[in-house]
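Structural description and commentary
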Amino acid sequence: MFKNNTIKKYLSSVLAIITIVFSMSISMFAYADGDIAINKANFSDDIWRGLVADYIDPNRDGYLTRDEISDITLIDVSGFLEAEYGENTFVEIADLSGIEHFTSLRTLRVGGIGLEALNVYPLVALTNLTCQGNYLEELNLINNSELRELNCSANFLSSLELSLLPNLTKLVCHSNEIKSINLSSNPKLEYLSIFQNELTQLDISSNPLISTLNCSNNHLKTLDLSANPLLADVVESSIGNQTISASANYSAEDGSIYADVEIPNYSRIVSTSVDRVEEVDGAIVNVKGYDGTSFVTYEPEQILGGIDYYYNVNLEGADNMSVHIDVERDFYVVRYYDSESLENKIGEEIVNGGNAATFELSEMPQCKQFIRWDKDLSNITQDVQTFAVWQEDHNIKITSFENGVAHIECTNGCGFSEDYTFMDSINARENDINYVSYLDLNSDGIINAKDYSMLIRGIY
C-alpha cells in the first residue's frame, strides 16, 4: 500500500498512459486501412447499426474488413428488421447512411422501413433494388447502369430518371406522384407497373418487349399500344380509370353545354357518355358526343357528374381505356317543382353564375294562383331546387236551386261541387256553425227570407 498519495497518483497516471498506448498498438496491428468500424460515425442510425453488427458482421468483431465487404452481394434490411423485432412490430430506419460502403452489392431490399433518403450512387454493381413503401421524395440512379429490377412503389417520388439504366427489365413504381417518365432508354423493359401516379402521357413505343402493363389511375387522355405486341391480358382495370379535368360552358344562344378538350387521334374514341340520337332530314342518326374539339350535350344531367369516354388503345384483343372528365363549370341548373314534395318537376333552366333565373310558368294548375318560388332566384351561385307557392283561386257559385237545395260548384272546372239545404241554415248568422256564406246572397250577415226570395227568383 502506498502511503504517499503523490507517488500513488503518479504511478496511476503512468499505468493509464501505458494501457492506452498498448490498446492503440493492438488496434493498429489488428485492423488494416479500409476496414470499416461499425460505429455511429459510419452507421449513424442506431437500429441500422445494430442490424449491421448482428447480421452483416460475420465474426462479430465490430469491424467490416475489405474482404468481408467484397463478399456481401445481398442485404435485406426489411428481412433483418422482421427477424430482429418480429413481423408485426413497427420499427423504422430513417437514415441508411453506411450502405454506400457495400460496393459489391447486387441486391438491396429496404422496403417499408421508413427511409427518408437513400444513397445508392456508389453501388455500381446493383442489379436489384427494392425500396417500396418508404418516404422517399427522390431517387438518384444515374450511376447504377447494371440495375435490372427496380421496385420503388408507394413513395413520394415526383420524377424518376431512367435514362442511364439500359438493362432495366422490371419497373414497379406505382403509387407515387410521378408526373412524367421517359422510357426511351430502356429497350429491355418487360414489366411496367406505374398505376396511381400523376402521368398525363405515357409513351412505351420504345419498349417492344413489355408483356405486363398496369398504368391505370393516372391522367392519360390517350394510350397507344401498337408497338407492344407481347402485351397480353390488357383489361380495362389495368389501363383505365384515367381522370382529367375540363371547364364546361353554357351557350344561351343554342342551349348547348360544351367542354373543350384536346384529344390527339380522337377518331379512336369509341363512345362517350354524351353520345346522342338526333333526327336529321327525317332520319334517326347517332351523333358522337365529341366533335374533335369539344364534348357537347344539351342535357345538363349528362355533364353534372362529369363525362366519360372509352378510347381504343390500338392493340388487338385489348380492352378500351376508360377516361373520366371532372367538369368544372360556372353555370348552374335550377329545377322547378309544383309542390314542396319535389316529386313533379314542371321546368328546368340553366343559368350562368351570378345571374337571375328567368323561368316563367307556361300554364297554371286549375284554381291556383302563383304567388312566388320558395327560393330567392335573383343571384344563382349553385344548383337549386325550388317549388311554387300557390294560393287557392276558385270561382265558386250557386248554379242551381231546386227543392230547397242549392247546388254550389267551381266554374273554373276544378271539380269542386257541394249541395246545401237552405232550411238547414235558416236564421244562421256569421260565426254560427250552420252559416254558409254562399247562401247569404245579400251579404247582410244572416240567412233569411230575403236570401230565399233571391234563390227562388234565380238571382245568384
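To start, this report covers the structure provided alongside it. (Residues numbered from 1 in each chain as written. Predicted model: local features only at pLDDT ≥ 70, side-chain atom pairs only at ≥ 80, totals over all residues. Heavy atoms only, no water.)

1. A look at the pattern of salt bridges
Opposite charge on two side chains allows them to pair when their charged atoms are near. Scanning the model with the defined rule gives eleven salt bridges in all. A salt bridge links aspartate 76 to arginine 109; the nearest nitrogen and oxygen atoms lie 3.8 Å apart. One end of the pair, aspartate 76, is in strand β3 (residues 74–76); the other, arginine 109, is in strand β4 (residues 107–109), and 33 residues separate them in sequence. Because the salt bridges share partners, they merge into one network encompassing Glu301, Arg335, Lys345 and Glu348. (Salt bridge = Lys/Arg side-chain N within 4 Å of Asp/Glu carboxyl O. Helix = DSSP H or I, 4+ residues; strand = E, 2+ residues; numbered from the N terminus.)

2. Some remarks on unusual backbone geometry
A positive phi angle, close to 55°, is found at arginine 60, a residue other than glycine. Summarising the element assignment, arginine 60 is placed in the loop between α2 (46–56) and β2 (63–64). In this structure arginine 60 comes out as exposed when scored by relative accessible area, which is 56%. Although it is not a glycine, aspartate 233 adopts a positive phi angle of roughly 55°. Structurally, aspartate 233 is set in the loop between β9 (212–214) and α5 (236–239). (Buried < 20%, exposed > 50% of the residue type's maximum accessible area, 1.4 Å probe, protein only.)

3. Some thoughts on a negative patch on the surface
On the surface, a cluster of negative charge is made up of Glu92, Asp95, Glu116, Glu137, Glu138, Glu177 and Glu198. Looking at where glutamate 198 falls in the secondary structure, it is placed in the loop between β8 (191–193) and β9. Of the residues examined, glutamate 198 reaches a relative accessible area of 35% and is grouped as partly exposed. (Patch = residues over 30% accessible without salt bridge, like charges linked within 9 Å, V, L, I, M, F, W, Y side chains within 5 Å. Areas by Shrake-Rupley, 256 points an atom, 1.4 Å probe, with all protein chains shown as cover. Lys, Arg positive; Asp, Glu negative; His and termini not counted. Charge placed at Lys NZ, Arg CZ, Asp CG, Glu CD.)

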